[in-house]
Amino acid sequence: MNNSYPSLFTGRSTLNFTLSSVATAFLLLLSFQLSFWFTLEADRVHVISLTAGLVSALLLRYRKQALLGIISGLALHYLFISQRGLAVALTFSFALPIVMMLFSELFLYVQKRLSDKNLTLVAIAYTGLMIVLYPIINTLVMTLIAYMYDYPLMTDLNYYGYAILSGSMTQLVLTPLLYFMLAFASVEGGNNLLSLNRAMYEQSNRSKLHWYWLGAIGLVLLTAFGAKNHVTSSALSVLIMPIVGLGLGQFGFILPAIFTAIIVLFNVARAVSAYEQQLIDSSVFYGLIVVLFSLCVTIFLMITQAIKNYLTNKAAIESERRDPYTRLYTLAQLKVDAKAFPEVPVLAVIDLSQVSRRVKALGLAEKSELLKQLSEFLQENNRLCHQGYVAPFTTSLLYLLPKTSGLDNELEQLHNQLGEFSFDWNNRSIKILEPQVRYVFLDTDLEFEQVVSQLCSRTIDIHSQSPISQVILSSGADPSIRKLSQIQAAFDEDEFELYCQPYRNLQNPESSELSFEVLLRLPKQGGDVLAPADFFPLINEFGLEVELDKWVIRNTFKQLSKHVNQWESIDRCGINLTAQALMQLDFDHYILDCAKEFDIPLNKICFEITESMPLTNECLVIDNLTRLQSFGCTIALDDFGTGYASFDYLRRIPVDILKIDGSFVKNINTDETDRAIVKNISHIAQNMGLLTVAEFVETESHAELLTTLEVVYAQGFGIAKPRPLIDELQKHCGH
């Protein structure tokens, strides 16, 4: 129950309070008149008291603010309608609402301590305080007042039992119903209750059954109302209670509560009339009241349990639909909200992958904090970004936006705000660099999950001039997924093809020993071949680097073992290794085991690592490289000269060969700066006892110039184009 005091008594002026008190007094007087329908005149017992129910509801809803109107209404009734003495009238007028207020305040206090979420305990508290204890205390107070003023009162013990039962019935049936009616009089309370009731109904989504349920209840009620025999009407009314119970939860709780109240009031009125006409005796009458009371208790507890079940379910669904780290909604809630959108929405994704790529130290907790902070920033600063959703498997945020004529301007404003956002992490502020916003219109027949997949997995074109782009959906399968499937099949069926690109020994042109770098190709369906640039990004995206390295090593060793008889004809076989492989424990053991299996002399094997590759565990990489050198392998540093700290890298990493990056070699004939760089690298390598390999050697003039610069090996299309490894081995080794 809402503990605030909305609507009726709110207002700053004395006039509002006075008018509200007058309205309360009028309602009290009216309730006395209506209560006569449920009063046994002979026994002076209110079987159900509309007045007591109204007083309880007013005090629960408006608390002490309603007290003046209640006391005034009671005093007017007792003085001018019941015509009781002044002392008796005033005592009853003050005592009865004060007793009720004490219990209502006690219940509200207990409810606040239990919190509204624990509905079972709240229902138990209401039952114990309002339905059991209050009727007992109220009956004792009335008896005490009667004795004080020598007021005539029944001395039959049955009277006290009936009075307590009547008070309990009132608190059970009328007080909750009247409380709801008062709540509807206030905007806040009415909306809360109606929203909960509507949500329970909409969750079941059983509109046809709802009408069948209403029809069945209406038919039985009409039959009961039309029955001339009160026994028949009572039997039909009891029969209808299980039907009412079937609708609890499925069709909300307000209609079942109203039907229960109608059935109880109708049966009590019929029973009172039959008892007054002496058609039934007191035992039958009070037996019927006990049956109705028991049914009411059952329905009351069922309503409480239905609300509890709904809220528990809702909380469980809410928890499932929130990301445990960011507490933002996930794809499941996004799908529901997209369907409930009043018009066809726009789905936008804010891609933060560039941040996570640049800041390598961002772990799961930090990425979650980044998404959380950005969501809160946009919620405060962008009128359209009310609710952010976590994009699946990416560091991105999704938003549902209205499809308006000014969408381009809204997206531009969103992008500008992303540039203003700073991620606070470890007492440092990090700006979002190159934020990307992609969007798609949801007026499509594609499955929602497929739309989100295409939107979120769209590769960012870093050369694009616009940071805001519309994604055109494709009804076909994602080409990346097709390529991934092809790559996985290549692993399973050994469909990769090994190529090689031979070197030339510039300082010993007469040497017949073969030096080459192993390359990889993937055949397409139809005979074409996928270049590394087509499938390496997918290898990286799906974390298959180590698996690929192992495949290349094993199959290269297998081909060497099969086609090389005289190892003197082989100078060096270069195999590329990724950072992920070098950062694996015991990876060197895998290489050693493969070498033993295929009888490969490891002094003929050179493993190439790229200078620009990130090494998050450099110590482990150095250990692995050192052990490989101890096996006889040589280590080549590829793409040397392109990094920010090339020589520092060279000082830390144990290498035997420097491969000079092709960007310095391809223009060496015309660019004096490139020529000087290559000359210096060659000189440094000689001083360190390292061999050199120049890449991108495209002409003989390149080779001649590199020879004068004392570069040892040359590699490039001017020396030899890539060709199948098997063909080269068979040609050179004559096997």
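These notes cover the structure that comes with them. (Residues numbered from 1 in each chain as written. Predicted model: local features only at pLDDT ≥ 70, side-chain atom pairs only at ≥ 80, totals over all residues. Heavy atoms only, no water.)

With that settled, the discussion passes to the overall build of the protein. Secondary structure summary: the protein contains 27 helices and 20 strands in total. Split into buried and exposed, the 735 residues of the protein put 48% on the buried side. For the protein, long-range pairs separated by at least 24 residues make up 72% of all intrachain contacts whose partners lie at least 6 apart in sequence. Accessible area of the protein: about 36500 Å², with a carbon and sulfur share of 57%. (Helix = DSSP H or I, 4+ residues; strand = E, 2+ residues; numbered from the N terminus. Buried < 20%, exposed > 50% of the residue type's maximum accessible area, 1.4 Å probe, protein only. Contact = heavy atoms within 4.5 Å. Areas by Shrake-Rupley, 256 points an atom, 1.4 Å probe, with all protein chains shown as cover.)

Where side chains of opposite charge bring their charged atoms close, a pairing between them can arise. Throughout the structure, instances matching the rule amount to 14 salt bridges. One salt bridge in this structure joins arginine 504 and glutamate 700, with 2.9 Å as the shortest N-O distance. Taken as a pair, arginine 504 in strand β11 (residues 504-505) and glutamate 700 in helix α26 (residues 700-708) lie far apart in primary sequence, 196 residues in all. Overall, glutamate 700 belongs to the partly exposed group, its relative accessible area being 40%. Between lysine 659 and glutamate 695 there is a salt bridge, with its nearest N and O atoms 3.8 Å apart. You can see lysine 659 sitting in strand β17 (residues 657-660) and its partner glutamate 695 sitting in the loop between β18 (691-694) and α26, a full 36 residues away along the chain. Here the two residues lysine 659 and glutamate 695 agree in accessibility, since each one is buried. A network of salt bridges, in which partner residues are shared, links Glu517, Glu608, Lys659 and Glu695. (Salt bridge = Lys/Arg side-chain N within 4 Å of Asp/Glu carboxyl O.)

The sheet built from five strands is open, its strands ordered β4-β5-β3-β8-β9 with mixed pairing. Looking at the sheet topology across the chains shown, the edges are occupied by β4 (389-390) and β9 (468-470). Two elements, strand β3 (residues 345-351) and strand β8 (residues 436-441), share six bridges in a ladder whose sense is antiparallel. In the sheet register, aspartate 351 faces β8, and the bridge partner there is glutamine 436. Against the sheet, helix α14 (residues 364-381) touches β3, β4 and β5 (396-402), its axis set at about 25 degrees to β5. (Pairing = 2+ DSSP bridges. Axes fitted to C-alpha atoms, helices over the stretch in contact; angles between N-to-C directions.)

One pass over the structure, following the stated rule, counts one cavity of 30 Å³ or more. Put simply, the largest cavity is a space of about 40 Å³. In this structure, the largest cavity is lined by Asn382, Leu384, Cys385, Leu401, Glu410, Leu411 and Leu414. Considering each element in turn, the lining of the largest cavity owes the most residues, three residues, to helix α15 (residues 407-420). Looking at the lining of the largest cavity, its residues break down into five nonpolar, one polar and one charged. (1 Å grid on protein atoms, 1.4 Å probe; cavity = no way out; pocket = protein on both sides within 12 Å on 5 of 7 lines; lining within 4 Å. Points joined across faces, edges and corners; volume = space filled by probe spheres on them. Nonpolar A, V, L, I, M, F, W, Y, C, P; charged D, E, K, R; others polar.)

What follows deals with helix α3 (residues 67-81). Helix length check: α3, at 15 residues, gives a terminal C-alpha distance of 20 Å against a target of 21 Å (1.5 Å per residue), a fit within 8%. For α3, every residue scored as buried is listed here: Leu67, Gly69, Ile70, Ile71, Gly73, Leu74, Ala75, His77 and Tyr78. Buried residues belonging to α3 abut α1 (14-35), α2 (50-62) and α4 (86-114). Positioned one or two residues after α3, glutamine 83 has a phi angle of 55 degrees, which is positive. (Expected span 1.5 Å × (residues − 1).)

Two elements in contact, helix α5 (residues 119-148) and helix α11 (residues 282-320), have axes whose closest approach is 9 Å; the angle formed by their N-to-C orientations is 155 degrees. In this view, α5 runs roughly antiparallel relative to α11, as classed from their interaxial angle. The way α5 lies across α11 gives a crossing that is right-handed. Each of Leu119, Thr120, Ala123, Tyr126, Thr127 and Ile131 in α5 lies in contact with α11, whose residues at this interface are Phe293, Phe300, Thr304, Gln305, Ile307, Lys308 and Leu311. Per-class residue counts for the contact of α5 with α11 are eight nonpolar, four polar and one charged. (Parallel < 35°, antiparallel > 145°, perpendicular 65-115°, else oblique. Left-handed = near helix turned anticlockwise from the far one by under 90°.)

Look at α2 against α4: their axes get within 9 Å of each other, and the N-to-C directions meet at 45 degrees. In terms of orientation, α2 lies oblique with respect to α4. Considering the relative orientation of α2 and α4, their crossing is right-handed. Contacts from Val55, Ser56, Leu59 and Leu60 in α2 reach Pro97, Met100, Met101, Ser104, Phe107 and Leu108 in α4. Counted by class, the contact of α2 with α4 contains eight nonpolar, two polar and no charged residues.

Moving on, we get to the nonpolar core. Membership of the largest hydrophobic core comes to 93 residues, with the highest contact counts inside it found for Phe107, Met169, Val268 and Phe285. Ignoring any residue separated from it by four or fewer positions in sequence, one finds methionine 169 in contact with Val47, Ile48, Leu174, Val264, Ile289, Leu292, Phe293 and Cys296. With 72 residues, the next largest nonpolar core counts Leu538, Phe587, Ala595 and Leu705 among its residues. (Core = buried A, V, L, I, M, F, W, Y, C linked by side-chain atoms within 4.5 Å.)

Moving on: unusual backbone geometry. Positive phi is not limited to glycine here, since arginine 63 has a value of about 55 degrees. Structurally, the position occupied by arginine 63 is in the loop between α2 and α3. By relative accessible area, which is 18% here, arginine 63 ends up buried.

With respect to burial, strand β14 (residues 570-576) is a largely interior element, six of its seven residues being buried. Pairing of β14 with strand β15 (residues 605-610) involves four bridges; the strand directions are parallel. Counted as the bridge partner of asparagine 576 is glutamate 608 from β15.

The complete set of buried residues in helix α27 (residues 725-733) reads Leu725, Glu728 and Leu729. All buried residues of α27 lie within an arc of 95 degrees about the axis, which places them on one face of the element. Lining the buried residues of α27 we find β10 (497-502), β12 (514-523), α19 (545-563), β14 and β20 (723-724). (Arc of directions from axis to C-beta.)

A few words on the state of the cysteines. Evaluation of the coordinates by the stated rule reveals zero disulfides. Cysteine 500 takes part in no disulfide bond, and the closest cysteine sulfur to it belongs to cysteine 573, at a distance of 8.6 Å. Note on cysteine 633: no disulfide assigned, nearest cysteine sulfur contributed by cysteine 606 at a separation of 8.8 Å. (Disulfide = S-S within 2.5 Å.)

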